[in-house]
Amino acid sequence: LSVNRVGAEGAALLCGGSIHSLRTLDLSINNIADVGCTKIAEMLKVNKRLTSLSLRFNEIRDGGCTMIAEALKTNNSLTRLDLYYNEISEEGARAIAEALKINRSLTSLDLSGNPIFVEGGRAIAEALRVNNTLADLVLYHNAISEGARAIAEALKINRSLTTLNLYGNKISEGGARAIAEALKINQSLTSLELSENPISDEGGRAIAEALRVNSTLTRLELPREMRRILGEEFSSRVTYFSF
């Protein structure tokens, strides 16, 4: 049902109808906004079959995000939630983080393109310290910058996350060093995306050192300028982003 101008009213009608028999629901680009999230959240609280929900590009703000987050605290069927490019900020990220501390069914979460900034990143990191079901987390273009340090600390404890995308998050040398230290300890992460971050040469060297210790990471994408730092030593595991 993506790109169908469903709107808030249409979302309400869907959630009150035969949607309860669906396992996958894609409502991307439908101008649902916060108003439409009211009925979607109510549906999630009682639905026992839906496993995948996509709400990409729907102008959802913190209010709508918080409603969905509250529903996640009781929902035990949804495994995939996609909130790519809405208008969710730190407040919404904190609500999602609180839900992740309780929810035990969600395995994939995409918050890409939402301005959650440093505090939002830190909130998600706190959730990763206690959540043991989330396997795939996409934080593409969320401007978390120094929040990456908190996520790195969480990776030292977390044992469920296998895929982490931190593309384009203004992560600098300090964040890269923190991630490198986490990689020396973490044994669950198999895929990590760090392209389009100003991690510096020293950050690259720290990551190279971590890769010599880490044996579980099989895919790492780095900014293209890191090729001259890492060379071909890790060619089977590392790719370099280029346009």
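Residues numbered from 1 in each chain as written. Predicted model: local features only at pLDDT ≥ 70, side-chain atom pairs only at ≥ 80, totals over all residues. Heavy atoms only, no water.

Topic: helix α8 (residues 200-211)
Part 1: Taking 1.5 Å of rise per residue, the 12 residues of α8 would be expected to cover 16 Å, and the 17 Å separating its terminal C-alpha atoms lies within 8% of that figure.
Part 2: What α8 keeps buried is the set Gly-203, Gly-204, Ala-206, Ile-207, Ala-208, Ala-210 and Leu-211.
Part 3: On its buried face, α8 sits against α7 (173-183), β8 (219-223), α9 (227-230) and β9 (238-241). (Helix = DSSP H or I, 4+ residues; strand = E, 2+ residues; numbered from the N terminus. Expected span 1.5 Å × (residues − 1). Buried < 20%, exposed > 50% of the residue type's maximum accessible area, 1.4 Å probe, protein only. Contact = heavy atoms within 4.5 Å.)

A closer look at unusual backbone geometry
Part 1: With a phi close to 55°, His-141 is a non-glycine residue in the positive phi region.
Part 2: On the secondary structure map, His-141 appears in the loop between β5 (136-138) and α6 (147-155).
Part 3: In this structure His-141 comes out as partly exposed when scored by relative accessible area, which is 34%.

Considerations on the nonpolar core
Part 1: Leu-222 and Leu-230 are the most contacted members of the largest nonpolar core, which has 73 residues in total.
Part 2: In this view, Leu-222 contacts Leu-194, Ser-195, Ile-199, Ile-207, Leu-230, Val-238, Thr-239, Tyr-240 and Phe-241; residues no more than four positions away in its chain are not counted. (Core = buried A, V, L, I, M, F, W, Y, C linked by side-chain atoms within 4.5 Å.)

Considerations on the environment of Asp-62
Part 1: Tracing the backbone through its elements, the reader meets Asp-62 in helix α3 (residues 62-72).
Part 2: Once residues lying within four places of it in the same chain are set aside, the contact partners of Asp-62 are Asp-34, Glu-87, Ile-88, Ser-89, Glu-91 and Gly-92.
Part 3: A polar side-chain atom of Asp-62 sits 3.0 Å from the main-chain amide nitrogen of Gly-92. (Polar contact = N/O pair within 3.5 Å; in protein donor to acceptor, adjacent residues only side chain to side chain.)

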